[in-house]
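Fold and geometry: a report
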Amino acid sequence: METSLDILNIYKPLFVNPPLTRYSLVTGGRGSGKSFTVTLMLLNLTYEDGQIILFTRYTLVSAFISIIPEFIDKINLLGRENDFDVTQSEIINKKTGSKILFRGIKTSSGVNTANLKSIAGVTTFVLEEAEELVDEDVFDRIDLSVRDKTRPNRVILIMNPSFKSHWIYKRFVLNPSQSFCTHIHTTYLHNKRNLSQSFIEQAERVKESNISRYNHLFIGDWLDDAEGLLWNRLMIDRCRITQRPELVRIVISIDPAVTASLESDETGITVLGKDSEGRGYLLEDLSGKYSPNEWSKVATQAVKNWGADCIVAEKNQGGDMVESMIRQHDKVTRVILVTATKGKYVRAEPVYSMYEQNKVFHVGTFPILERQMISFDPEKGKSPDRVDALVWGFTELLLKKELNFAVWID
């Protein structure tokens, strides 16, 4: 297929066939056009016979909600609606039979590598939001299953630059030639002609007010490991365990977003537990960009999956809407609505203290949430939604009787 959309020259190596290298790393700041371009490239690739493209994220609640709409949008832009069949988890090119399979690497029961490795004939492995995958061995197990002899093999990693301690930085950025990697890095400055004036003005305002934030978010600079004003990486790694103990209570905590546009905040959704000794456990991070109907469905399903006894949700933004959305999917589970009446530091510091005392543990890895914890500055800007959900949930589980900084409504 010859795409009629204008592709930036810097992205042209993605479209070379056969590919220049097995690995392609696509990094960039906000507005760089990386996801847009990779989507077009993958749709273009399906016009070749025999292509099985495995498109993954570390966590993927629903491809039909979070990823497939972007592909449908590009299909419509190209005027190729009649060429594709779209299901809840696949896009199939009717002309060639080639397909894109959308899968999550981590499921509620653990890492899904065995099932991903068993998919026959994969020619291209795509890892979107690759910064979430902190276990290099998991990547290697999927990567080494891509070995179809009849087609060129491609492995494409797409990410916002993270910390320099990340294995992707060490493997593909520091030594790209040794890894046979094509590294494409772009910023919004490359893509200005496709961006709104208000976006460009926002970037310039951030540049004037906080050059470090601008360099990371918009230019895509990699970060040195931050010590954090509260949490730091050493503390989080110290509290990590692989198996949860027997728990006496589990709650689902929500920091809800009231809209679901591209500019919307995420909805923080965490699953938290407590053992008989009063220690807390982070069990699952289900956060993402959801509409109110979507996040309420995700949260109530988590109640069933984990046997939680209640949902804790912040009501500041949504008011009575929060409980009404939950009740559409669950008429029974207790809903505890919380209202912030003190600053972010006052809310977060007691939970941080539980980490300091080795009374909170992470069962597995939660890369996005943990990155937000490390970079959380309670004196600047809005606190991350995942961190807010974590704080509300652990406050209910571990600290509710000791604190009086919020109004609790059962």
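Below is a short write-up of the structure. (Residues numbered from 1 in each chain as written. Predicted model: local features only at pLDDT ≥ 70, side-chain atom pairs only at ≥ 80, totals over all residues. Heavy atoms only, no water.)

Per the secondary structure count, the chain includes 14 helices and 17 strands. Evaluated residue by residue, the chain yields a buried proportion of 52% over its 410 residues. Total accessible area on the chain is roughly 18600 Å²; 48% of this is exposed by carbon and sulfur atoms. (Helix = DSSP H or I, 4+ residues; strand = E, 2+ residues; numbered from the N terminus. Buried < 20%, exposed > 50% of the residue type's maximum accessible area, 1.4 Å probe, protein only. Areas by Shrake-Rupley, 256 points an atom, 1.4 Å probe, with all protein chains shown as cover.)

Let us now look at helix H3 (residues 68-78). Inspection of H3 places Ile68, Phe71, Lys74, Ile75 and Leu78 among the buried residues, and these make up the whole buried set. All buried residues of H3 lie within an arc of 120° about the axis, which places them on one face of the element. Buried residues along H3 sit against helix H1 (34-45), strand S2 (52-59), helix H2 (63-66), strand S3 (84-86), strand S4 (90-93) and strand S5 (99-107). At the C-terminal side of H3, Gly79 shows a positive phi close to 70°. (Arc of directions from axis to C-beta. Contact = heavy atoms within 4.5 Å.)

This part is about the pairing of strand S7 (residues 124-127). Across a regular strand the side chains alternate sides, sitting on one face of the sheet and then on the other. Residues Thr124 and Val126 point to one face of S7 and Phe125 and Leu127 to the other, with burial holding for every one of them. Both S2 and S7 contribute to a ladder of four bridges, which runs parallel. Among the inter-strand pairings, Phe55 is bridged to a residue of S7, identified as Val126. Sheet topology note: the S7/strand S8 (residues 154-159) ladder contains four bridges and is parallel. Bridge assignment links Val126 to a residue of S8, and that residue is Ile156. In the classification by handedness, the crossover that spans S7, the intervening helix H5 (residues 136-143) and the parallel S8 is right-handed. (Pairing = 2+ DSSP bridges. Right-handed = clockwise from strand over helix to strand, strands pointing away.)

Bringing the side chain of Glu132 into the picture now. Along the chain, the position of Glu132 falls in the loop between S7 and H5. One buried charge, Glu132, has no salt-bridge partner; the nearest side chain with opposite charge is Arg386, at 5.6 Å. Leave out the neighbours within four places in its chain, and Glu132 touches Tyr58, Thr59, Pro367 and Ile368. (Lys, Arg positive; Asp, Glu negative; His and termini not counted. Salt bridge = Lys/Arg side-chain N within 4 Å of Asp/Glu carboxyl O.)

Attention now moves to the nonpolar core. In this structure, Trp231, Ile252, Tyr355 and Phe394 are the most contacted members of the largest nonpolar core, which totals 59 residues. A per-element tally of this core places helix H14 (residues 385-399) first, with eight residues. With residues near it in sequence (within four places) discarded, Trp231 still touches Ile236, Ala348, Val351, Tyr352, Tyr355, Met373, Ile374, Phe376, Val387 and Val391. Counting residues in each nonpolar core, the second largest holds 29 residues, with Ile7, Val38, Phe55 and Leu60 among its members. (Core = buried A, V, L, I, M, F, W, Y, C linked by side-chain atoms within 4.5 Å.)

Time to look at the environment of Leu195. Along the chain, Leu195 falls in the loop between strand S9 (181-186) and helix H7 (197-209). In this structure, the C-alpha to C-alpha distance between Leu195 and Gly31, residues 164 residues apart in sequence, is 7.2 Å.

What follows concerns the pairing of S2. In terms of burial, S2 is a largely internal element, seven of the eight residues being buried. Here S2 pairs with S5 via seven bridges, running parallel. Residue pairing across strands places Ile52 opposite Lys99, the latter belonging to S5.

All right, on to H5 then. Among the residues of H5, Val138, Phe139, Ile142 and Asp143 are the ones counted as buried. Burial along H5 is one-sided: seen end-on, the buried residues are contained in an arc of 130°. Where H5 begins, the side chain of Asp135 points an oxygen toward the backbone nitrogen of Asp137, at a separation of 2.9 Å. (Polar contact = N/O pair within 3.5 Å; in protein donor to acceptor, adjacent residues only side chain to side chain.)

The next point concerns the packing of helix H13 (residues 367-375) against H14. Axis separation between H13 and H14 bottoms out at 8 Å; the angle between their running directions is 90°. By the angle between their axes, H13 is roughly perpendicular relative to H14. Judged by residue contacts, Ile368, Leu369, Gln372 and Met373 of H13 engage Asp385, Arg386, Val387 and Leu390 from H14. The residue makeup of the contact of H13 with H14, split by class, is five nonpolar, one polar and two charged. (Axes fitted to C-alpha atoms, helices over the stretch in contact; angles between N-to-C directions. Parallel < 35°, antiparallel > 145°, perpendicular 65-115°, else oblique. Nonpolar A, V, L, I, M, F, W, Y, C, P; charged D, E, K, R; others polar.)

Attention shifts here to the pattern of salt bridges. In the structure shown here, the tally under the stated rule is 18 salt bridges. Glu128 is paired through a salt bridge with Arg57; the nearest N and O atoms lie 2.6 Å apart. Remark: Arg57 occurs in strand S2 and Glu128 occurs in the loop between S7 and H5; sequence separation between them is 71 residues. Of the residues examined, Glu128 reaches a relative accessible area of 6% and is grouped as buried.

On to the side chain of Asn112, then. With respect to the helices and strands, the residue Asn112 is situated in the loop between strand S6 (110-111) and helix H4 (113-117). Side chain to side chain, Asn112 and Asn115 meet in a polar contact 2.8 Å long. Not counting residues up to four positions away in its chain, the partners in contact with Asn112 are Gly104, Ile105 and Thr107.

Attention now goes to the environment of Cys310. You can see Cys310 is positioned in strand S14 (residues 310-314). Sequence separation between Cys310 and Thr300 is 10 residues, and the spatial gap between their C-alpha atoms is 9.6 Å. Beyond its immediate chain neighbours, meaning those up to four positions away, Cys310 contacts Arg249, Ile250, Val251, Ile252, Thr333, Arg334 and Ile336.

Scope: geometric values only; no functional claims are made or implied.
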